[in-house]
Number of protein chains: 2
Amino acid sequence: MDNKKVSVKDIARLANVSIATVSRVLNKNGRYSAETEQRVLDIVKQYGYTPNASAKSLRTNRSQSIGVIVPDITNEFFAKIVRSIENSILPYNYSVFICDSHEDARLENQHLANLIAKNVDGVIYISGKSDVAAQDEENDLPVVYIDRMPEHAYATVQSDNEYGGYLATEELLRKGCKRIVLLSDMRPLSSVSQRTMGYIKAHEKYGVTVINDLKADGGASYHIAKQKTAELVEKGVTFDGIFATNDMMALGALHALLEHKIEVPGQVKLVGFDDISLSGFCEVPITTITQNTERIGERAVKVLMKLMLGEANDAQHYVVPVSLNVRKST
Amino acid sequence: MDNKKVSVKDIARLANVSIATVSRVLNKNGRYSAETEQRVLDIVKQYGYTPNASAKSLRTNRSQSIGVIVPDITNEFFAKIVRSIENSILPYNYSVFICDSHEDARLENQHLANLIAKNVDGVIYISGKSDVAAQDEENDLPVVYIDRMPEHAYATVQSDNEYGGYLATEELLRKGCKRIVLLSDMRPLSSVSQRTMGYIKAHEKYGVTVINDLKADGGASYHIAKQKTAELVEKGVTFDGIFATNDMMALGALHALLEHKIEVPGQVKLVGFDDISLSGFCEVPITTITQNTERIGERAVKVLMKLMLGEANDAQHYVVPVSLNVRKST
DNA sequence: ATGAAAGCGCTAACAT
DNA sequence: ATGTTAGCGCTTTCAT
């Protein structure tokens, strides 16, 4: 965007070589003398030449950029993943388009179309879509799904959600809880059902019966969780533990309990999931499952690079470990 | 990225027109019959044709994408702005590159260079740089600065920081505080100095002397604020109010006070800035200044569009209103 | 080791 | 109203 942007042509002229040679030097393709290389590089530096990405992209059909589609960049958990993705791909000199889908499938598709039109080399995708990846199959765009796994996804990276659910529930069980409410997102997200599975398995392991009445489904939001919890209390349901499938819901539950003068962890113990900073900073710091956002982002980039370079011969599925972060609520 | 991507050429052939006509239809440049238009559009739809952005960009020298440089996408305040920017520019069919600078000037420059190489049409920039915008002047890339204002910036959008600082301090003053600690980021950020100015003006207005010993500078972080506040208490400094220039710092202060058994708002009242959700969810919900992230993003996009379209004849400086959100800490 | 030239897909003169 | 054509800046055969 300089007033008069210099091009290969200019560099070639100034260095007394052909444009082909300039291109070779710039791309380290060999077949030039050390001397020529130096000369070209000097001129390049002197004139602050940078190759025109559009031209390059047009010619090579690769754009050196990727897209990342997230449900809500405002959510710390997703923001951290995005940040890790960016950090991890920076060394490869890729740029990243961020698309916030607002948990809306229509917007997701629009964004995906935009990204394709922009010639991205690959996409990292946290999709709200529970099912298939139909349109991704058509075009052979490399896509790695993270956090939520649509069926038939070829490449995925996710936390060990089931074990996380297990750990969370086990923590409650070990601290003596017998009637544990499962406060879960009702959307058909793989992450949620996996966490639920962990909840069930922990019960089995500890020989405690899962009580279905204690399931309180709803949206993933703070408000719904708060309301659902309040309802349970007001209906007189007895319970001594809550496992919320994410921290925002755990926080909502906490507030509902506190408002009803129920002591945490005295009367009811509480575990969340994600480990967003809110869970550590609230009235009663909440025990939670830490997701390693750093690792998730790194791994997603690694896998995507593999796909983009055509080095992946078969499906790529990665699971990153989670850990229990015990705080005051248990 | 389809297996065999269709091009204007294909569409032209299939529709029995020239490629020029196809281009005209697609860009609504007129000089074609309604009938031709229909035919072309049908074919386009039928074959799912999308123009190659690289080619278009190469030809027109515009990429239909912008860059956004933020200090920390993980910070809810910045994330909200990013989201608003995205929402606002979506209708124009621009894509946005996100660059997280980690508050690091070197990274900022690298990102900026990358963006320029990627041919972005403009940049929205939350810079850590306190000074100038030297290199932006060279290349005539449209840049709008938000939140933090380097000197000589041509286009800026920011909150009414001074008034925010005034409102915050006034709230403390009106509730009877006489000795108000200013807990501020020591980095030379325009936003901080403006808020400080508001703090001073409020004192003047209410005839209360500003006590310089009560200034506690430090980084913008939770931990530093907590530590600084603890120090004040331990040194036996008397104060009855704290104005922290952002919510994370306010939270740090709150925790330090609580740990020292100082009642909030009983003994010390506290006001923050930003209105991130954390400030509403903590032990003692913190009174704060709400920044209208929505409006900031919208306005930034409006201004940037103006610049990109060459419609701005002179410097563009916008200030968006703030408001006081009274909670429990005052 | 180097150069000439074709062509990626598109837009915009310039014809007609 | 429509077509022909040059050329954006680059990579990549194919020569030499």
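Just so you know, these numbers come straight off a predicted model, no measurement behind them.

A. Looking closely at the relation of the copies chain A and chain B. Note on the identical chains: chain A maps onto chain B by a rotation of 180° and an axial translation of 0.1 Å, with an RMSD of 0.1 Å. Taken together, the turn and the small shift mark the pair as related by a two-fold rotation axis. Here 100% of the interface residues in chain A have copies in chain B that are interface residues too; the copies meet face to matching face.

B. Up close: the pattern of salt bridges. Residue and element names in this part refer to chain A. Enumeration over the complete set of coordinates arrives at 24 salt bridges over all chains. Among the salt bridges present, the one from Glu103 reaches Arg148, with a minimum N-O distance of 3.0 Å. Of the two residues, Glu103 sits in the loop between β2 (95-100) and α6 (105-117) while Arg148 sits in the loop between β4 (143-146) and β5 (155-159), which places them 45 residues apart along the sequence. Residue classification places Glu103 among the partly exposed positions, given a relative accessible area of 35%. Here Glu162 ties to Lys201 by a salt bridge, and the two come within 2.9 Å at their closest N and O atoms. On the criterion of sequence distance, the pair formed by Glu162 in helix α8 (residues 161-174) and Lys201 in helix α9 (residues 190-205) is long-range, its members being 39 residues apart.

C. Structural detail: the protein's contact with DNA strand D. Inspection of the region around DNA strand D gives 29 residues, with Val8, Tyr49 and Arg59 of chain A together with Arg24 and Arg31 of chain B positioned closest. Of all DNA strand D atoms lying within 4 Å of any protein atom, the proportion belonging to sugar or phosphate reaches 55%. A distance of 2.3 Å separates a phosphate oxygen of DNA strand D from a polar side-chain atom of Tyr49 of chain A. Of all the secondary structure elements, the ones that give two or more residues to the surface near DNA strand D are α1 (8-15), α2 (19-26) and α4 (53-60) of chain A together with α2 (19-26) and α4 (53-60) of chain B. In terms of residue count, α4 of chain A provides more of the surface near DNA strand D than any other element does, five residues in total. Across the surface near DNA strand D, the residue classes tally to twelve nonpolar, ten polar and seven charged.

D. Main features of the pairing of strand β2 (residues 95-100) of chain B. Residues and elements named next belong to chain B. The element β2 is largely enclosed, with a buried count of six among its six residues. Here β2 shows two buried faces, one formed by Ser95, Phe97 and Cys99 and the other by Val96, Ile98 and Asp100. For the handedness criterion, the β-α-β arrangement of strand β1 (residues 65-70), helix α5 (residues 76-89) and β2 is classed as right-handed.

E. Examining the protein's contact with DNA strand C more closely. Around DNA strand C, the structure places 27 residues, and the nearest of them are Ser18 and Arg24 of chain A together with Val8, Tyr49 and Arg59 of chain B. When atoms of DNA strand C within 4 Å of the protein are split into backbone and base, the sugar-phosphate part holds 56%. Put simply, the parts of the chain that give the surface near DNA strand C at least two residues each are α2 and α4 of chain A together with α2 and α4 of chain B. Of the residues in the surface near DNA strand C, the class split is eleven nonpolar, ten polar and six charged.

F. Broad picture of the packing of aromatic side chains. As enumerated under the stated definition, the model contains twelve aromatic pairs over all chains in all. Considering the side-chain rings of Phe97 of chain A and Phe97 of chain B, the 3.9 Å spacing of their centres and the 20° angle between planes classify their relative orientation as stacked. Residue Phe97 of chain A is found in strand β2, and its partner Phe97 of chain B is found in strand β2; the two belong to separate chains. An identical accessibility class is assigned to Phe97 of chain A and Phe97 of chain B; each is buried. Ring pairs connect the aromatic residues Tyr199, Phe243 and Phe273 of chain B, which therefore count as one cluster.

G. Summary view of helix α8 (residues 161-174) of chain B. Residue and element names in this part refer to chain B. With 14 residues, α8 ought to run about 20 Å at 1.5 Å a step, and its terminal C-alpha atoms sit 20 Å apart, in line with that. The buried fraction of α8 amounts to eleven of the 14 residues, a majority that puts the element mostly inside the structure. Here α8 has its buried residues at Asn161, Gly164, Gly165, Tyr166, Leu167, Ala168, Thr169, Glu170, Glu171, Leu172 and Leu173. Positive phi appears at Gly176, one or two residues downstream of α8, with a value of about 100°.

The rules we used
- Residues numbered from 1 in each chain as written.
- Chains lettered and ligands numbered in written order.
- Predicted model: local features only at pLDDT ≥ 70, side-chain atom pairs only at ≥ 80, totals over all residues.
- Heavy atoms only, no water.
- Least-squares fit on C-alpha atoms with pLDDT ≥ 70 in both.
- Contact = heavy atoms within 4.5 Å.
- Salt bridge = Lys/Arg side-chain N within 4 Å of Asp/Glu carboxyl O.
- Helix = DSSP H or I, 4+ residues; strand = E, 2+ residues; numbered from the N terminus.
- Buried < 20%, exposed > 50% of the residue type's maximum accessible area, 1.4 Å probe, protein only.
- Near = heavy atom within 4 Å.
- Polar contact = N/O pair within 3.5 Å; in protein donor to acceptor, adjacent residues only side chain to side chain.
- Nonpolar A, V, L, I, M, F, W, Y, C, P; charged D, E, K, R; others polar.
- Right-handed = clockwise from strand over helix to strand, strands pointing away.
- Phe/Tyr/Trp six-rings, centres within 6.5 Å; stacked < 30°, edge-to-face > 60°.
- Expected span 1.5 Å × (residues − 1).

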